[in-house]
Amino acid sequence: MPTLPSSRTLLTGLSLLSCAILLGFTSSRNLQQQSDPGEERSGGDTTVVETNRRAFSLPAANMSLDRRARFAVGHAFFNQPWVEAPSSTAARDGLGPHFIARSCTACHSNDGRAAPPVEADEQPMGLLFRLSIAGEGEHGSPKPEPTYGGQFNNQAVDGVKPEGKVNIQYTEMPGKFADGEPYALRKPSYQFTDLGYGPMQAGTLVSPRIAQQVIGLGLLEAIPAEAIRKQADPDDRNKDGISGRPNLVWDAVSKRMQLGRFGWKANTPNVAHQSAGAFNGDIGITSSLFPTEECTPSQKDCQQAARGGKPEIAEHNLQAMIFYTRTLAVPARREVDKPQVIRGKQLFAESNCIACHTASWKTGTLAGLPEVSRQWIHPYTDLLLHDMGEGLADGRPDFQATGREWRTPPLWGIGLIPTVNGHSYYLHDGRARNLSEAVLWHDGEAAAARSRFLNMNKQDREALLAFLNSL
């Protein structure tokens, strides 16, 4: 087993490798014909070979049979809907009072990615909206909006008012590539209507966040924190225009500040916090980690609604669901030896996309999870925050993330989203209708990479997209 290099050394090594590949490309066609050994196994030994709608829903390939029963229990709690309390379905009652979905899979269909509303009168489900006002809340978190709290919920149980509706409008923004081929981007704007508890505070900050695919989360949690921090370059000392900052966030598990890894702003530290927080915020289910629902003083009906127990999800069921989301497998890459894909990989490196989308990591040891421990993985993320420019900015700080910063999302599985979820909407709010638009929205630290893409000829653009679709 190779020794893990430091992350900065790894990045430098990747850059040198990329340069070597590029030099080779100009002098010899041989390097074009080969992929790197093992790179198709994105999740190391957890990798599964599946290309249909179930590609994101399988257990880690190296999971023993005796542990798959627990995975199945977690799968059930991820997929089956919760009901209002009181109910004879005691293990699954306690929905709401406010909520945006009745189950995890309502947002993460097939353990995949949500889409924004398509129809004009359709309400978002997998696209949620964080709310806050100026200042800091507990532990340095965003300060919740006084009347509606930290998240806007457009559904409610009987006898409780929904918080309102969301109206989404898009403005088309035409443009052209350097070779003259036209494209169009669409910029969203949001309006909250039919507010159930009166107006929001003036100046409320809003951040749309779409539900992401949940594959490989345990592998990302197993990357050593120190390795991630070593890759940060907040002052851009190497003058490459790329900084990368870690977020430091509150951990409901350890009750202390930890490195943020998950969520669009890296605002949660681990899968347990992420899972229990989503149960609480999105479905209205209390747990040992989040024992109360967010009903503000203005929401008397919410405060007085029936509850499904204290907490509403039993600890063993919560732990089974966390185990499930930690051990979902990553699907293998496709067509890694196809010349167009190899050319696209070279262009990805040449455009310095790998400065943020770090290709490879070695995981450490995650207690009780041998499946995800000590694996060479290829997620294409550095898990750090980057300034992505004003066009993508939400203007809402989140712990140490500024209103222009977003976490580099993992790219593994991205080419299977159309198969798994039947759409190709990308970025934090689903504004990009395909991968080309997603690249074109990059700005800030990624402006140079976008400029390279804009100036590529059509053949190279298609090669870059073929590489992304192979991930």
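Keep in mind the model is a prediction, meaning the values are calculated, not measured.

What counts, and where the lines are drawn
Residues numbered from 1 in each chain as written. Predicted model: local features only at pLDDT ≥ 70, side-chain atom pairs only at ≥ 80, totals over all residues. Heavy atoms only, no water. Helix = DSSP H or I, 4+ residues; strand = E, 2+ residues; numbered from the N terminus. Contact = heavy atoms within 4.5 Å. Polar contact = N/O pair within 3.5 Å; in protein donor to acceptor, adjacent residues only side chain to side chain. Disulfide = S-S within 2.5 Å. Buried < 20%, exposed > 50% of the residue type's maximum accessible area, 1.4 Å probe, protein only. Salt bridge = Lys/Arg side-chain N within 4 Å of Asp/Glu carboxyl O. UniProt positions renumbered as here; feature names shortened; annotations may be inferred. Axes fitted to C-alpha atoms, helices over the stretch in contact; angles between N-to-C directions. Parallel < 35°, antiparallel > 145°, perpendicular 65-115°, else oblique. Nonpolar A, V, L, I, M, F, W, Y, C, P; charged D, E, K, R; others polar.

Points about the environment of glutamate 50
Relative to the elements of secondary structure, glutamate 50 occurs in the loop between α1 (7-27) and α2 (65-79). For the pair glutamate 50 and glutamate 293, spaced 243 residues apart in the sequence, the C-alpha separation amounts to 38 Å. Beyond its immediate chain neighbours, meaning those up to four positions away, glutamate 50 contacts Ala55, Leu58, Pro331 and Leu416. Polar contacts involving the side chain of glutamate 50 include one to the side chain of asparagine 52, which spans 3.0 Å.

Looking at the state of the cysteines
The full count for this structure, using the stated rule, is 1 disulfide. Across the disulfide from cysteine 295 sits cysteine 302; the S-S distance is 1.9 Å. Because the sign of the S-S torsion sets the handedness, a value of about -55 degrees for the bond joining cysteine 295 and cysteine 302 places this disulfide among the left-handed ones. Just so you know, cysteine 104 is unpaired, no disulfide at all, and the nearest cysteine sulfur is the one on cysteine 107, 8.3 Å from it. On the accessibility criterion, cysteine 104 (11% relative accessible area) is buried.

Here we look at the pattern of salt bridges
One pass over the full model with this rule turns up 23 salt bridges. Of the charged contacts, one joins aspartate 36 and lysine 345 as a salt bridge, the two residues approaching to 2.7 Å between their closest N and O atoms. You can see aspartate 36 sitting in the loop between α1 and α2 and its partner lysine 345 sitting in helix α9 (residues 339-350), a full 309 residues away along the chain. A relative accessible area of 18% places lysine 345 in the buried class. Arginine 67 serves as the salt-bridge partner of glutamate 371, at 2.6 Å between the closest nitrogen and oxygen. Residue glutamate 371 is found in the loop between β11 (361-362) and β12 (376-377), and its partner arginine 67 is found in helix α2; the two are separated by 304 residues along the sequence. What makes glutamate 371 buried here is its relative accessible area of 2%.

Some thoughts on the UniProt feature "domain: Cytochrome c" (unreviewed entry) in the protein
Residues annotated in UniProt with the feature "domain: Cytochrome c" (unreviewed entry) correspond here to residues 339-471. Annotation note: span residues 339-471, helix share 34%, strand share 8%, distance between end C-alpha atoms 15 Å.

Brief notes about the packing of α2 against helix α8 (residues 315-327)
Each pair of packed helices can be described by the angle between their axes along with the distance between the axes. Here α2 crosses α8 at 100 degrees, and the two axes come no closer than 7 Å. By the angle between their directions, the pair α2 and α8 is classed as roughly perpendicular. Residues Arg67, Arg70, Phe71, Val73, Gly74, His75, Phe77, Phe78 and Asn79 of α2 touch α8, and the partners they reach there are Asn317, Gln319, Ala320, Met321, Phe323, Tyr324, Thr325 and Thr327. The residue inventory of the contact of α2 with α8, partitioned by class, reads 8 nonpolar, 7 polar and 2 charged.

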